[in-house]
Every structure is written in structure tokens, then in C-alpha cells.
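Chain residues, written in single-letter form:
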Amino acid sequence: MSDPDRGRLGLYVGVLLAAAVLLIAAARALSVSTIALAPVYMFSPLVAGLIVCLRHGVSVREVGLRIGRPRWLLAAPVAALGLVGVALALSLAVPGIGFDGAADPVPWLGLPAGPVGVAGALAVAVALGATLNAVFAFGEEFGWRGYLLWELAPLGFWRASLAIGALWGVWHAPVIAAGYNYPSFPLVGVGVMTVACIALSPVYTYLTVRAESVIAAAVLHGVFNGSAGFVLVYAATDDPVLAELVANPVGAAGIAAAGLAAVVIAVRGA
């Protein structure tokens, strides 16, 4: 495959920029937060990727829209739960953060307390994460680990992962600045989210490459989002800095967990 095509990349980034501007304009016109429109905005990378593929005659199958290797698709939810579990463990190791054993990550379901409830919550996180959440996550992942990964593949695994992660993080800015994920620190949150996306990107890239399918990234993304609440509810603290910037799957704990995963990938050989 030749070097990345600047024309295709320019079109892709241009569509993403237009989507961000449209998101902000629509939020102002409707007098709502950009967070309220985030479910629609999540599909902008998909739209951008499809526009590039259609405009330049690139097959969607070629950029990863295929079933791929089943065992790596099954590894995606395991990887997501592993990241969340390590992030929770790292959070609880921080002074000022304690374990809230009475917390219920899915209060609307009325699960019993104890190990049975935790197992049930995990099952719900995986079931919803790999289905409903994955549909919305696919709206992002076709753009990031589908088209863009295909386009940037000549850069090599690590450089491509870094570039995708950086753009992925910045793309979140209109929603993060409105208070999503870090409500007490929206501007700082834009930077933290960007670092988190850069840290997580190698894991997503690795699973996608191994599975030979962007569906793996969508499942990983969906289950990760669906199980993120385990960190948020079980790691208890009254300090907003610790709660939002540390004990958060896209805070310091999550970044560290993703960094450890990246080390494992490097040792195994990407």
C-alpha cells in the first residue's frame, strides 16, 4: 500500500470539522448542551469515512467492514473488562479513594448485593456493550479503526495509533468542554480525554488488526463504555479531582491501565 493520501485525509478531517461546527451550531439553536446531541455526533466519523470511501472508490470491506477472525472478536469484550478492572484496581490504590461495596452499577435493574449482583452487572455490561452500545460505537470506529487505520497503516502500528488517538481525542472536545466525563474540569478534561484516547488507541488498533475487522473495535468500545460505571461507582471519594481526573476509566487510572496494556502489546510485538 502507498503512503497515506493527503486528499482523502483532508476530506475526512474536513467532514469531521464540519460535523463539530454543525454540532455546536445546532446546540445553540436548540438551546441545549452539545452533550444532548452527542448520540448523533458519534456517527460523524462513520459519515466521514463513508464519504471518503464513496468519493474515492475505496471498498468498505477493504477498510475493515467484515466479520474477520471470530476468536479476536470474542477477545474484544475480555480486553474491555480487563482495562476497566485494572483501572478500578489502580484507582483503589490511590490515597483518598475507597471501595464502596454497597454501590450498584446498574440501579435500574435491581440486582442483589454481593458477588451475584456483581456477576449480573458484568453480564449486563457485556450484553448491552456488545450489542446496543456497539452500534453507537461503530459510528465512531468505522472512522477511526476502519478508514483512518487503513489510510495510516503505512506509518506503522505505533505512529498510526498515536495519530488516530490524537484526532480521536480532539474530536471529543465539543462534548467534553460542555462537561461530559469531567463536569468540574471541562477545559482540563479536553486535554485529559485526548491523552486517554492516545493511551487507549494501541489496544483498539491491536484488536482491530488481529481480528481483521473494525467490528472488534466497536465491540471493545461498546463494552468499555458499558462497564465504565464499575470504576465510577465502586471507587468512592468526595474529592472531585480524584473522582473525575483519577478514578475514571478515561482519567489517570484508565490512562495508566491502557499504558500497561500498550507495554504488553509492545512485548508481544504489534
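Everything below is about the structure shown above.
Residues numbered from 1 in each chain as written. Predicted model: local features only at pLDDT ≥ 70, side-chain atom pairs only at ≥ 80, totals over all residues. Heavy atoms only, no water.

Asker: Explain the packing of helix α3 (residues 44–56) against helix α6 (residues 132–152) here, please?
Answerer: When two helices pack together, their arrangement is given by the angle between the helix axes and by the axis-to-axis distance. Where α3 meets α6, the closest approach of the two axes is 6 Å, and the angle between their N-to-C directions is 45°. Taken together, the axis directions place α3 and α6 in an arrangement best described as oblique. Residues P45, L46, G49, L50, V52 and C53 of α3 pack against F138, G139, E140, F142, G143, W144 and Y147 of α6. The residue inventory of the contact of α3 with α6, partitioned by class, reads 9 nonpolar, 3 polar and 1 charged. (Axes fitted to C-alpha atoms, helices over the stretch in contact; angles between N-to-C directions. Helix = DSSP H or I, 4+ residues; strand = E, 2+ residues; numbered from the N terminus. Parallel < 35°, antiparallel > 145°, perpendicular 65-115°, else oblique. Contact = heavy atoms within 4.5 Å. Nonpolar A, V, L, I, M, F, W, Y, C, P; charged D, E, K, R; others polar.)

Asker: So what exactly am I meant to see when it comes to the side chain of R145 here?
Answerer: Looking at where R145 falls in the secondary structure, it is placed in helix α6. Separated by 2.8 Å, the side chains of R145 and E141 make a polar contact. Here the side chain of R145 touches S201 through a polar contact of 3.4 Å, side chain to side chain. Once you skip the residues sitting within four places of it in the chain, R145 turns out to touch V63, I164, W168, S201, Y204, T205, T208, V214 and A217. (Polar contact = N/O pair within 3.5 Å; in protein donor to acceptor, adjacent residues only side chain to side chain.)

Asker: I tried to follow a nonpolar patch on the surface on my own but got confused; where do I start?
Answerer: There is a patch of nonpolar side chains on the surface, built from W108, L109, L128, L132, V135 and F136 and spanning about 580 Å² of accessible area. Sort the elements by how many residues they give to the nonpolar patch and α6 lands first, with 3 residues. Among the secondary structure elements, F136 is positioned in helix α6. Of the residues examined, F136 reaches a relative accessible area of 31% and is grouped as partly exposed. (Patch = residues over 30% accessible without salt bridge, like charges linked within 9 Å, V, L, I, M, F, W, Y side chains within 5 Å. Areas by Shrake-Rupley, 256 points an atom, 1.4 Å probe, with all protein chains shown as cover. Salt bridge = Lys/Arg side-chain N within 4 Å of Asp/Glu carboxyl O. Buried < 20%, exposed > 50% of the residue type's maximum accessible area, 1.4 Å probe, protein only.)

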